[in-house]
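Overview (structure and organization)
Spelled out from the first residue to the last, the chains are:
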Amino acid sequence: MKNIESIFRDIVPSGVDFCSLRHVCSDGRSLLVRQDVPEAPGLSHDEGAMITVIAGGGIGYGATCDLSREGLKNAAQQAARWAKHTAGRCVTDFSKLIPAAVTGEYRTPEETPWSSLSLAALLEVLTEQSRKLKTADCIVDWMTAVRHWNWQTLLLTTAGTRIEQSFSSAAVFMSVSANRGSDTQTRTLGGHGYSQQGGAEVLTRCNFTAAAPRLAGEAIELLDAPNCPKSSMDLLIDSDQMVLQVHESIGHPLELDRILGDEQNYAGTSFVTLDMIGSYRYGSELLNVFYDPTCAFANASFGWDDDGAPARKTAIIEKGILKGVQGGAFSQARAGRDSGTASSRACNWNRPPIDRMANLNVECGSASLEAMIAAVKRGVYMKTNRSWSIDDSRNKFQFGCEWGRLIEDGRLTTVVKNPNYRGISATFWRNLKMVGSAATMETLGTPNCGKGEPNQCVGTGHASPACLFADVEVFGGA
């Protein structure tokens, strides 16, 4: 780090308005046990730096894995050439958007660092849980896995910024499939949504060592279950499905670069327009959503984003009204807004920061799970995402879940398989009729949200309670 800081001071191109260096060093480990047999572990190491130059109103980037003085100097000169080429041709004058100096450090809280667990010890944990999944002859496939990675970033700028951050994150997986004839039913641990920051205590937080018998039993039970009925009825969604509902139908349409049209060619656009901010009714008065990268162990927590903006909790939807969108300083300036979120993030050293959701959370309400069930005359309780489909503007959607159970006259009754539902974002959220208490809340995330050209894959975090919606179109099927 000190060597890079010393080199940075010497390689800043002359005559530029601003120059920054973002150094990233990461190490990852992926372990998988399939049908009680450990597969070859995956180990990774990556390190490099991105140089950003602003000159004459233009902006340019130069990335390199050559961290020698000559390598970094070449990257800086490349960035300066691109800044010169883009001057006068950009969507905004970047010379007016030079970030102020910031200094600080951030470190993921870890109770049990992953480095304290040997490869053999972690494989033993995975193998032990894998053996608990094969509970009957109809169990035809099963697996356990964990992927964890550590990375450090250092951001330096000619304005005087020095931000050093160290992260530790993990994604935990467990899956079991039961088969009879042409019917196969699968249950997973949180639909692959257990992705959090922290050390090996992530395994405890997601109940990893106790989940196997329940998941195997539910997969077998689904083989004998009838299909989910087709009707418009109440829908109670558990937190491990709410994760993707929030991600797709609130998170993505409220990314500012989508609203500005930047992602039309690839990730898609948004049904939201700038004039909706401040007045648009996104959901019922029970809906409160906050952008919060300061959560203790959520998947996308940080101290500062990759442009140096400080993390802070920001209201996005309050009492159902759209209050803000997710966009970094550059996008906010383009949109004529004077405040936004610290959401400018890059997936690695070889990509520039773009607008990304971080932790986007639904605030809990006061209803217990039992109270929400008791409030339903006829409906379905659905758990765990299985599939999703949503249009380019993130408006019309369809989700499939792994497990469902009918609610009749205020009681849970028949387990149903292949439960699905569809809707339109605005009308769906306006039909939110009850929000679960903190006891129904879980913090999950997505480890692989893709966006940007060239593609950038980052983690996001979403905490949500179980929620009850009225008049939702539900249906069964494959």
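Below is a short write-up of the structure. (Residues numbered from 1 in each chain as written. Predicted model: local features only at pLDDT ≥ 70, side-chain atom pairs only at ≥ 80, totals over all residues. Heavy atoms only, no water.)

1. Observations regarding the sheet that holds strand β12 (residues 314-318)
Across the sheet, 4 strands lie side by side as β13-β12-β11-β16; this open sheet has antiparallel pairing. Edge positions in the open sheet fall to β13 (321-322) and β16 (360-362), since each of these has one partner strand only. (Pairing = 2+ DSSP bridges. Helix = DSSP H or I, 4+ residues; strand = E, 2+ residues; numbered from the N terminus.)

2. As for the environment of F399
Within the fold, F399 resides in strand β18 (residues 396-408). Judged by relative accessible area, F399 falls into the buried class, the value being 1%. Taking C-alpha positions, F399 is 28 Å from S130, a pair spaced 269 residues apart along the chain. Residues within four places of F399 in sequence aside, it is in contact with Q241, L244, Q245, E248, N385, S387, W388, P419, N420 and Y421. (Buried < 20%, exposed > 50% of the residue type's maximum accessible area, 1.4 Å probe, protein only. Contact = heavy atoms within 4.5 Å.)

3. Looking at the packing of aromatic side chains
If you walk through the whole model with that rule in mind, you get 14 aromatic pairs. Aromatic pair F397 and F399: ring centres 5.4 Å apart, planes at 40 degrees, arrangement tilted. The burial state of F397 is the same as that of F399; both residues are buried. Seen in terms of ring centroids, F428 and W429 are 5.5 Å apart; in terms of plane orientation they differ by 85 degrees. Their pairing is edge-to-face. Taken individually, F428 and W429 each receive the classification buried, so the pair is uniform in this respect. The structure contains a cluster of three or more aromatic residues connected by ring pairs, namely F397, F399, Y421, F428, W429 and F469. (Phe/Tyr/Trp six-rings, centres within 6.5 Å; stacked < 30°, edge-to-face > 60°.)

4. Notes on the pairing of strand β20 (residues 420-424)
Both β18 and β20 contribute to a ladder of 5 bridges, which runs antiparallel. Residue Q398 lies in a different strand from β20, and its bridge partner there is R422. Direction of pairing for β20 relative to strand β24 (residues 467-475): antiparallel, over a ladder of 3 bridges. The residue bridging N420 from the neighbouring strand is F475, located in β24.

5. Quick notes on the pattern of salt bridges
Per the stated rule, a full pass over the model turns up 18 salt bridges. Between R187 and E402 there is a salt bridge, with the nearest N and O atoms lying 2.7 Å from each other. Of this pair, R187 sits in strand β8 (residues 183-188) while E402 sits in strand β18; the two residues are 215 residues apart in sequence, bridging distant segments of the chain. Across the pair R214 and E218 runs a salt bridge whose closest N-O atoms are separated by 3.4 Å. Taken together, the residues span about one helical turn, with R214 and E218 both in helix α5 (residues 212-223) at a distance of 4 residues. Among the ionic contacts, a cluster of salt bridges with common partners joins R187, R214, E218 and E402. (Salt bridge = Lys/Arg side-chain N within 4 Å of Asp/Glu carboxyl O.)

6. A word on the environment of G365
If you trace the backbone, G365 turns up in the loop between β16 and α9 (369-374). Its relative accessible area of 30% is what places G365 among the partly exposed residues. In this structure, the C-alpha to C-alpha distance between G365 and A438, residues 73 residues apart in sequence, is 7.2 Å. Other than its neighbours up to four places away in sequence, G365 contacts V435, G436, S437 and A438.

7. Considering the side chain of S195
Mapped onto the secondary structure, S195 falls in strand β9 (residues 195-197). Within the structure, S195 has its side chain in polar contact with the side chain of N299 (distance 3.2 Å). Once residues lying within four places of it in the same chain are set aside, the contact partners of S195 are A170, A171, N299, L444, G445 and P447. (Polar contact = N/O pair within 3.5 Å; in protein donor to acceptor, adjacent residues only side chain to side chain.)

8. A closer look at unusual backbone geometry
Here the residue pair E453 and P454 is connected by a cis peptide bond, since its omega of -5 degrees sits within 30 degrees of zero. On the secondary structure map, P454 appears in the loop between β22 (442-451) and β23 (456-464).

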